[in-house]
Amino acid sequence: MGKVIAICRSEKKGTVKTPIEKGEFIEDFGLKDDAHAGKWHRQVSLLSYESFMKFKDTVKIDLKYGVFGENLLVSGLDLENSKVGDRFKANDVVLEITQIGKKCHKSCEIRSIVGNCIMPTEGIFARVIKAGSIKTGDQICRI
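What counts as what
Residues numbered from 1 in each chain as written. Predicted model: local features only at pLDDT ≥ 70, side-chain atom pairs only at ≥ 80, totals over all residues. Heavy atoms only, no water. Helix = DSSP H or I, 4+ residues; strand = E, 2+ residues; numbered from the N terminus. Buried < 20%, exposed > 50% of the residue type's maximum accessible area, 1.4 Å probe, protein only. Contact = heavy atoms within 4.5 Å. Polar contact = N/O pair within 3.5 Å; in protein donor to acceptor, adjacent residues only side chain to side chain. Phe/Tyr/Trp six-rings, centres within 6.5 Å; stacked < 30°, edge-to-face > 60°. Lys NZ or Arg CZ within 6 Å of the ring centre and 35° of its normal.

Below, the discussion takes up the environment of Ile20. Structurally, Ile20 is set in strand S2 (residues 18–20). Residue Ile20 is classed as buried on the basis of its relative accessible area, which comes to 16%. In the structure, Ile20 is positioned 12 residues away from Cys8 in sequence and 5.7 Å away in space, judged by C-alpha atoms. Those residues in contact with Ile20 that lie beyond four places of it in its chain are Ile7, Arg9 and Thr136.

Right, dumping it as structure tokens:
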């Protein structure tokens, strides 16, 4: 069982996301009001809190949640060993993994701020199978 540490969204792709207390996840669309929402395979991005903290400790920079463009920062889940097709559930929301890692954009605001990005190697991308809401502190688990 894992825990949602942060929910983040942004208005534009390739930018740092801003933490919010509660997110509405729309079936086959993504996080409401997030730039990455839409009818495609990368509707929601997940990042391990442990990976976030390891990177933060390495670079010695005060990083804020959402700096890597993640929608969900989660602790206690083995995202590293996730596979395409795996499913996670938080409250009523069901997410299905569609992609592991990604190619980074050259004009990415995140890379210019941080100097590097862990999403290409440690980011997990999913589509929303079942709608609902998630708030900071909610439990999330593999199903």
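Let us keep going from here.
Position of Gln99 relative to the elements: it lies in strand S8 (residues 93–100). Here Gly101 takes part through its backbone oxygen, which lies 2.8 Å from a polar atom of the side chain of Gln99. The residues contacting Gln99, other than those within four sequence positions of it, are His41, Arg42, Val84, Gly123, Ile124 and Phe125.

Inspection of the entire model under this criterion finds four aromatic pairs. When the centroid spacing of 6.0 Å and the interplanar angle of 85 degrees are considered together, the rings of Phe52 and Phe68 count as edge-to-face. Of this pair, Phe52 sits in helix H1 (residues 49–59) while Phe68 sits in the loop between H1 and strand S6 (72–75); the two residues are 16 residues apart in sequence, bridging distant segments of the chain. One exposure class covers both Phe52 and Phe68, and it is buried. In textbook terms, an aromatic cluster arises when at least three aromatic residues are bridged by ring pairs, as seen for Tyr49, Phe52, Phe55, Tyr65 and Phe68. For the cation-ring pair, Lys13 lies above Trp40, with the distance from its terminal atom to the ring centre recorded as 4.5 Å.

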